[in-house]
Amino acid sequence: MSTFGAAPAGNPNPNNSFEVAQPPSDSVSSLSFSPKANHLVATSWDNQVRCWEIMRNGNVVGSTPKASISHDQPVLCSAWKDDGTTVFSGGCDKQVKMWPLLSGGQPVTVAMHDAAVKEVAWIPEMNLLVSGSWDKTLKYWDTRQPNPVHTQQLPDRCYSLTVRHPLMVVGTADRNLIVFNLQNPQTEFKRIISPLKYQTRCVAAFPDQQGFLVGSIEGRVGVHHLDDSQQSKNFTFKCHRDGSEIYSVNSLNFHPVHHTFATAGSDGAFNFWDKDSKQRLKAMSRCSQPIPCSTFNNDGSIFAYSVCYDWSKGAENHNPATAKTYIYLHLPQESEVKGKPRVGTSGRK
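Below is a short write-up of the structure. Every value quoted in this text rests on a predicted model; they were computed, and no experiment measured them.

### As for the sheet that holds strand 8 (residues 95-99)
Strand order in the open sheet made by the 4 strands is 6-7-8-9, with antiparallel pairing throughout. The sheet is open, and its two edges are formed by strand 6 (75-80) and strand 9 (108-112), each paired on a single side. Taking the axes of each pair of neighbouring strands and ignoring which way they run, one obtains an average angle of 25° across the sheet. As paired elements, strand 7 (residues 87-91) and strand 8 share 4 bridges and run antiparallel to each other. Bridged to F88 within strand 8 is M98.

### Concerning the side chain of E119
Relative to the helices and strands, E119 is located in strand 10 (residues 117-123). Judged by its relative accessible area of 15%, E119 is buried. Side-chain polar atoms of E119 contact the side chain of K118, separated by 3.3 Å. Look past the residues within four positions of E119 in its chain and what remains in contact with it is C77, V130, S131, G132, C158, Y159, S160 and L161.

### Side note on unusual backbone geometry
That bond from H165 to P166 is cis: its omega, 5°, falls within 30 degrees of zero. Assignment of secondary structure puts P166 in the loop between strand 14 (158-164) and strand 15 (167-172). Positive phi, normally seen in glycine, also occurs at Q22, with a value near 50°. Tracing the sequence through the fold places Q22 in the loop between strand 1 (18-19) and strand 2 (28-33). One non-glycine residue with positive phi stands out, namely H240, at about 50°. On the basis of relative accessibility, which here comes to 1%, the residue H240 falls in the buried class.

What counts, and at which threshold
- Residues numbered from 1 in each chain as written.
- Predicted model: local features only at pLDDT ≥ 70, side-chain atom pairs only at ≥ 80, totals over all residues.
- Heavy atoms only, no water.
- Pairing = 2+ DSSP bridges.
- Helix = DSSP H or I, 4+ residues; strand = E, 2+ residues; numbered from the N terminus.
- Axes fitted to C-alpha atoms, helices over the stretch in contact; angles between N-to-C directions.
- Buried < 20%, exposed > 50% of the residue type's maximum accessible area, 1.4 Å probe, protein only.
- Polar contact = N/O pair within 3.5 Å; in protein donor to acceptor, adjacent residues only side chain to side chain.
- Contact = heavy atoms within 4.5 Å.

Structure below.
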């Protein structure tokens, strides 16, 4: 994969994306679009969960702040209910809040852990919420009941989680990847040591549930198939590097229509890839700060990403006076996100 030059120093938006109005006052930890409408939620280190309505008119995109709620401590993760009415958020206050956003209701606490909640996901096929924590557990919740339906011990702290029912993959500390078949959620289906040598940052289940992607702090992505007969299709590739500089892969998002995927990294770049033809479809220019999180909307016509300090160099390298947080919206061209046959594998060039 070819490398690309650095963005002009200080330009947070070299790709001329649309800027979301009134972004958080501190770094963004997660972004999630409603599965039903262009409502975008961001969680932040400023203890807030915010929602914007995104309006698209041709090639112009606008944003209107809609509502927000507070946690007692930084918020780390968010997820929507499949009907688009409700948002779940979890964080350093060790709880998950359920926010009936569309009805204008007040948030209620629906899940508790013994340490920070790093990941949440709604599983519509089971009508349950799953939360993963640094307390080394996964918990399943019926949001109408105060106690978890099931608590699953993990080998270490939960760092990342992805669900495409019946497949769920949990990435923990120490490079463990725990695979669950949600038709039998109380038993691990498979435990894998990451194909990447360094700490896991993100995972994403294939849309066809046949495997998953894993991204690490060492500028690398692994493509892993679950079926033993498909192991020859597994590979890893380097990305988010610039010469000898290596950056974390922070976010992996499959395109909902074309099933290609995006990576976003601490080098300030986002790229679009096709795992089946092993090609990079598009490399975007590097922003002046890291991209800690990103997401597609429900039809893949909008790609949201945040540009802000990612805390990878600690508090001593964070200057609140100069650090600014941005959320941007990119409209992917079909050529950027539609897979194409590899040159030489067919008559097409």
